[in-house]
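A closer look at the structure
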Amino acid sequence: MKDDFAEQVRAGIPDELPDMPPEEPGTSHAPPRRQVLGAAERRLALANALRYFPEHLHAALAPELARELATDGRIYMRRYRPHYAMRARPIGEYPARCPEAAAIMLMITNNLDPAVAQHPYELVTYGGNGTVFQNWAQYRLTMKYLAELERDQTLVLYSGHPLGVFPSPPWGPRLVVTCGMVVPNYSTKEDYERLAALGVTSYGQMTAGSFMYIGPQGIVHGTTITLLNAARRYLGVSGRQELGGKLFVTSGLGGMSGAQAKAAVIAGAVGVVAEVNGLAVKKRHDQGWVQEIESSLDRLLLRLERARREKKPLGVAYQGNVVDLWEKLVSAGVPVELGSDQTSLHNPFAGGYYPVGLSFEAANRMMVQDPERFRVEVQQSLCRQVLAINEMAGRGMSFWDYGNAFLLEAGRAGAQVCKPDGSFRYPSYVEDIMGPMCFDYGFGPFRWVCTSGRADDLGETDRIAARITDELAAAATPETRQQLLDNALWVREAGGHGLVVGSQARILYAHERGRICIARAFNAAIRDGTIAAPIVIGRDHHDVSGTDSPFRETADIRDGSRYCADMAVHNVIGDAFRGASWVSLHNGGGVGWGEVVNGGFGLVLDGSEDVDRRLEAMLFWDVNHGIARRAWAGNAGASFAAREVLGREPRLRLTVPARADERAVGEAIRRSFGE
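Summarised in this report is the structure supplied together with it. (Residues numbered from 1 in each chain as written. Predicted model: local features only at pLDDT ≥ 70, side-chain atom pairs only at ≥ 80, totals over all residues. Heavy atoms only, no water.)

**Digging into the overall build of the chain**
Broken down by element type, the chain carries 22 helices and 17 strands. A globule of 675 residues ought to have a C-alpha radius of gyration of about 26 Å, and the chain, at 24 Å, matches this closely. Projected onto its principal axes, the C-alpha positions of the chain cover 70 × 60 × 60 Å. In the chain, once contacts between residues fewer than 6 apart in sequence are set aside, the share between residues at least 24 apart is 73%. In the structure as shown, the chain presents an accessible area of about 25400 Å², 53% of it carried by carbon and sulfur atoms. The chain carries 73 positive and 78 negative side-chain charges, and their two centres are separated by 2 Å. (Helix = DSSP H or I, 4+ residues; strand = E, 2+ residues; numbered from the N terminus. Rg over C-alpha atoms; globule rule 2.2 N^0.38 Å. Contact = heavy atoms within 4.5 Å. Areas by Shrake-Rupley, 256 points an atom, 1.4 Å probe, with all protein chains shown as cover. Lys, Arg positive; Asp, Glu negative; His and termini not counted. Charge placed at Lys NZ, Arg CZ, Asp CG, Glu CD.)

Here it is in structure tokens:
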């Protein structure tokens, strides 16, 4: 099987039609997409797809691909899905001429593993439309190019399309990825649907199109920290024990949202997560991310009451619509301390949000057959959901937007989510929690993947990370000590929580010194043989400096620049020439197409001294670049972090803001404008 896998990877797109691959029962499929192309554009979409295949196959393939376009609203080239098992293999099983290429192949196959991906056969990893590639021909050709890639070449991907392999210096990245980078004036959701149907752009989400997704674990640490810090900020409690019996209500068990029930348990709370897709509920329960499933609201309330009395952590899935859940909690008078939502509202009318009153199957039919009515149903449902949330908030619940465009889309639907001055009545979790408490100090979702595929290697990395985090916490100032203590506790316990889905991976909210020290220690352990194979390090794009997103990552930037994307673009350029193995830049992410620009990287640690130099230079920039921008905006935590790094790096220069005299500003404006 090993040789057969390698042979199929090297073959790329075969000269003859392959057999249709078998389908594993119970696999979740993406809903059909709306038909948005006119007659001429349908011809163009089909012609675009046929470009990947030799001309002698066009007569046979054209009718099949046209049927896909008519049925799915997209051309996935299902016949070309490989017959081999899609999963992360040990790095030595990938046919490659350099370790960076083999590591990238490992990350790609992990992103498409049915245990990891939301809709694997449609190449969707998470978020309803976060794609790894647009079609299976792109996957096959990319894997072939990677198998042939040398250390003085770079593969270029345009929204999943492998443009080609170009000569480049060995110190440059081996892969450069962009997703959805269309001209800004053509970046509406309608533009996205049309361009995606034509097969010329894709929605990479944040870590799907950059191959850095590691399953629900990729968000579980951040969700745990969010809950702990929300409890500190809103409820006045200090730790996990004091969250016992407190109720957290939310929705979504898809990709990133699948972590919520587990995070509630780790934080010590009682968490209930609504999800309408029965396959998603079963998947998360089978994987251990959800402890219990309930489809009866009456039985659910009895179970929640028992958990509250016992003060035992619980993660339960309500298989049903979140609006029904909220309205039941309101009518029954159930006290809720914390609330949020993680449905994919960046994609509200194409499977990201399911309106109340319709079955899952009926909603999927309506969104294609009667999209205008479906839009109305979604917006009415959002209005009902917000009414219930507002009622619960009036009783004392703290609610936050989880960066999924919930408030944005609810406001567009006419729901009562705004204050009289037009601002949202609820904060973004970044604006109120993660920004000032983590990002401003440089803490963000650092990730690593053990390419050996061995659990003992992952365990060794946990021990290394725990030791270093303990050392950093012991020497920390009060401003960052709590974050480090939370991280130390997290990484010591991570192995016992059953977080691994797919690759042997871990996440840790580390700051710049933590990331550099941990990565350097990993590289040394690879060099001396303590760890058996290279490690890929990276991060979520949802980080200190990787993303410009005015309603999420940069929601706490208040100098007016939160709508500007200079930071994300500079982040990727800087990572590329400082030593990243691959870099990616995307339009779109968790809050929607046209609403965010985000960038990411991957760096392969192979034990070499060259990688020691790369990781130091790249990680220093990757974090401190964002701190510099946040400090210029006047954020207090970032100003502290900027002073700290200036004190230990004599070659660094930062433009430090002067604090404007508010009285002088006010007086000057009054005199000049007569206010």
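And the narrative resumes.
**Looking at the pattern of salt bridges**
In this structure the tally under the stated criterion is 49 salt bridges. One salt bridge in this structure joins Lys-328 and Asp-298, with 2.8 Å as the shortest N-O distance. Of this pair, Lys-328 sits in helix α11 (residues 322-332) while Asp-298 sits in helix α10 (residues 297-310), and the two are 30 residues apart along the sequence. Put simply, Arg-395 and Glu-391 hold a salt bridge, and the shortest N to O gap is 3.2 Å. Arg-395 sits in the partly exposed class, given a relative accessible area of 43%. (Salt bridge = Lys/Arg side-chain N within 4 Å of Asp/Glu carboxyl O. Buried < 20%, exposed > 50% of the residue type's maximum accessible area, 1.4 Å probe, protein only.)

**Here's the deal with the nonpolar core**
Of all hydrophobic cores here, the largest spans 150 residues; its most connected members are Ile-108, Phe-211, Ile-537 and Leu-605. In this structure, Ile-537 is in contact with Met-212, Phe-446, Arg-447, Trp-448, Ala-519, Phe-601, Gly-602, Leu-603, Leu-605 and Leu-619, ignoring residues within four places of it in sequence. With 49 residues, the next largest nonpolar core counts Ala-307, Phe-374, Ala-405 and Leu-407 among its residues. (Core = buried A, V, L, I, M, F, W, Y, C linked by side-chain atoms within 4.5 Å.)

**Examining empty space enclosed by the protein**
A full pass over the atoms with the stated rule returns 2 cavities of 30 Å³ or more. The volume enclosed by the largest cavity comes to roughly 50 Å³. Lining of the largest cavity is provided by Gln-8, Val-9, Pro-82, Tyr-84, Tyr-139, Arg-140 and Met-143. Contributions of two or more residues to the lining of the largest cavity are made by α1 (2-11) and α5 (136-148). Tallying contributions element by element places α5 first for the lining of the largest cavity, with 3 residues. Quantified by volume, the second largest cavity comes out at close to 40 Å³. Lining the second largest cavity we find Thr-469, Leu-472, Leu-484, Asn-487, Leu-508, Ala-510, His-511, Gly-514 and Ile-518. Elements supplying a minimum of two residues to the lining of the second largest cavity: α16 (455-475), α17 (478-493), β13 (504-510) and α18 (512-527). Class assignment of the residues belonging to the lining of the second largest cavity gives a composition of 5 nonpolar, 4 polar and no charged. (1 Å grid on protein atoms, 1.4 Å probe; cavity = no way out; pocket = protein on both sides within 12 Å on 5 of 7 lines; lining within 4 Å. Points joined across faces, edges and corners; volume = space filled by probe spheres on them. Nonpolar A, V, L, I, M, F, W, Y, C, P; charged D, E, K, R; others polar.)

**Brief notes about the pairing of strand β16 (residues 582-587)**
Counting buried positions along β16 gives 6 out of 6 residues, so the element sits mostly inside the fold. Covered by surrounding structure in β16 are Trp-582, Ser-584 and His-586 together with Val-583, Leu-585 and Asn-587, the residues of both alternating faces. The sheet contact formed by strand β5 (residues 175-179) and β16 spans 5 bridges and is parallel. Bridging from a neighbouring strand, Thr-178 pairs with Leu-585 of β16. Of the pairings in the sheet, the one linking β16 to strand β17 (residues 597-605) comprises 6 bridges and is antiparallel in character. Its bridge partner lying in β17, Val-583 is registered against Phe-601. (Pairing = 2+ DSSP bridges.)

**Details of the packing of aromatic side chains**
Following the criterion strictly, the structure yields 23 aromatic pairs and no others. Between Phe-399 and Phe-406, the ring centres sit 5.7 Å apart and the planes meet at 55°, which makes this aromatic pair tilted. Just as Phe-399 is buried, Phe-406 falls in that class too. Between Trp-448 and Phe-522, the ring centres sit 5.0 Å apart and the planes meet at 70°, which makes this aromatic pair edge-to-face. Note that Trp-448 is positioned in strand β12 (residues 444-450) and Phe-522 in helix α18, a separation of 74 residues in sequence. Note on accessibility: Trp-448 and Phe-522 belong to one class, buried. Taken together through their ring pairs, the aromatic side chains of Tyr-234, Phe-248, Trp-400, Tyr-402 and Tyr-429 make up a single cluster. One residue, Arg-375, lies across the ring of Phe-349, its end atom 4.0 Å from the ring centre. (Phe/Tyr/Trp six-rings, centres within 6.5 Å; stacked < 30°, edge-to-face > 60°. Lys NZ or Arg CZ within 6 Å of the ring centre and 35° of its normal.)

**Focus on the packing of α10 against α11**
Orientation of α10 relative to α11, taken along the N-to-C sense of each, is 60°, at an axis distance of 11 Å. Compared by their axis directions, α10 and α11 come out oblique. As for the relative orientation of α10 and α11, their crossing is right-handed in sense. Between α10, through Leu-297, Asp-298, Leu-300 and Leu-301, and α11, the contact on the second element is made entirely by Asp-324, Leu-325, Lys-328, Leu-329 and Ala-332. Split by residue class, the contact of α10 with α11 holds 6 nonpolar, no polar and 3 charged. (Axes fitted to C-alpha atoms, helices over the stretch in contact; angles between N-to-C directions. Parallel < 35°, antiparallel > 145°, perpendicular 65-115°, else oblique. Left-handed = near helix turned anticlockwise from the far one by under 90°.)

**Concerning helix α15 (residues 429-437)**
Taken as a whole, α15 has its buried residues at Tyr-429, Val-430, Asp-432, Ile-433, Met-434 and Gly-435. Each element contacted by the buried residues of α15 is listed here: α7 (217-235) and β13. A side-chain oxygen of the first residue of α15 lies 3.1 Å from the backbone nitrogen of Val-430; this N-cap is Ser-428. (Polar contact = N/O pair within 3.5 Å; in protein donor to acceptor, adjacent residues only side chain to side chain.)

**Section: the packing of helix α2 (residues 39-50) against helix α6 (residues 189-198)**
At a minimum axis separation of 8 Å, α2 and α6 run at an interaxial angle of 50°. The angle between α2 and α6 places the two elements in the oblique class. Two secondary-structure elements touch here, α2 through Glu-41, Leu-44, Ala-45 and Asn-48 and α6 through Arg-194, Ala-197 and Leu-198. For the contact of α2 with α6, the residue count by class is 4 nonpolar, 1 polar and 2 charged.

**What to know about the sheet that holds strand β8 (residues 292-294)**
Taken together, 6 strands build an open sheet; the order of strands is β8-β9-β7-β6-β10-β11 and the sheet is parallel. Of all the strands in the sheet, just β8 and β11 (398-399) have a single pairing partner and so form its edges. Pairing geometry for strand β7 (residues 270-275) and strand β9 (residues 314-319), over 6 bridges, is parallel. Looking at the pairing, Ala-274 lines up with Tyr-318 of β9.

**Here we look at unusual backbone geometry**
Outside of glycine, negative phi angles account for most residues, and trans bonds account for most peptide bonds. Of note in this structure, Met-77 is not a glycine but carries a positive phi near 60°. Considering the arrangement of structural elements, one finds Met-77 in the loop between α3 (58-72) and α4 (99-111). A relative accessible area of 1% places Met-77 in the buried class. The residue Lys-311 is not glycine, and still its phi comes out positive at about 55°. Position of Lys-311 among the secondary structure elements: in the loop between α10 and β9.

**What to know about the pairing of β7**
The element β7 is largely enclosed, with a buried count of 6 among its 6 residues. Residues of β7 alternate between two faces, with Val-270, Val-272 and Ala-274 on one and Gly-271, Val-273 and Glu-275 on the opposite face, all of them buried. With 5 bridges connecting them, strand β6 (residues 247-251) and β7 associate as parallel partners. Paired with Thr-250 across the strands is Val-273, a residue of β7.

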